[in-house]
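Residue-level structural notes
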Amino acid sequence: MRSFLRGAAALLLAFVCILSALFLRALRDPPVFEGEGYELCFGTSSGEIVRTDMPALMKALLPNVRGESARFSGDRYAQLKEDFCAELLFTEHAAGVDNYYLYSPKLGQGIFLRGNIVNLHIAVSENGTRTAAGTPIIFGGF
């Protein structure tokens, strides 16, 4: 009976250690955005994108997140630009969507686009009803 209790205590301690490590990782690396339709990218293709309603937990459980994006109601460009102290680098307009490519000192590494390091991509529908934001860019669709 004593060895059973020791084994159970050891398992419980291991479980607590694992949960503590996940909790600390989630605190250290929280989701970048507070929007809906959250996506995490783990590679360079659309097949490596995971949609989640629990981005903090997914980031804690799955290593090597390479990009994040979220969706918002309305035109949130100005607010996101201000929140991230971002500098606008260039824009594009395609298929009824205005795309803004920015650099923010608050975000991590970016990607090289049009001679610039981009680490924040914001897309706003032409009628201003939806916004998507991603870092370093939006990997999933708008």
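See the structure printed just above.
Summary of the structure given here. (Residues numbered from 1 in each chain as written. Predicted model: local features only at pLDDT ≥ 70, side-chain atom pairs only at ≥ 80, totals over all residues. Heavy atoms only, no water.)

It is worth spelling out the pairing of strand S1 (residues 36–41) at this point. Of the strand pairs in this sheet, S1 and strand S3 (residues 67–73) are connected by four bridges, and their pairing is antiparallel. Directly across from Glu39, in S3, lies its bridge partner Ser69. The sheet contact formed by S1 and strand S2 (residues 49–52) spans four bridges and is antiparallel. Within S2, the residue paired with Glu39 across the bridge is Arg51. (Pairing = 2+ DSSP bridges. Helix = DSSP H or I, 4+ residues; strand = E, 2+ residues; numbered from the N terminus.)

One open sheet holds the seven strands; their spatial order is S2-S1-S3-S9-S8-S5-S4, and the pairing between them is antiparallel. Where the open sheet ends on each side, the last strands, each with one partner, are S2 and strand S4 (87–94). Direction aside, the axes of adjacent strands within the sheet are offset by 20° on average. As defined by bridge partners, S4 adjoins strand S5 (residues 97–103) across seven bridges and the pair is classed as antiparallel. Each residue of the ladder has a partner; that of Thr91, found in S5, is Tyr100. (Axes fitted to C-alpha atoms, helices over the stretch in contact; angles between N-to-C directions.)

This is a description of form; function is not addressed.
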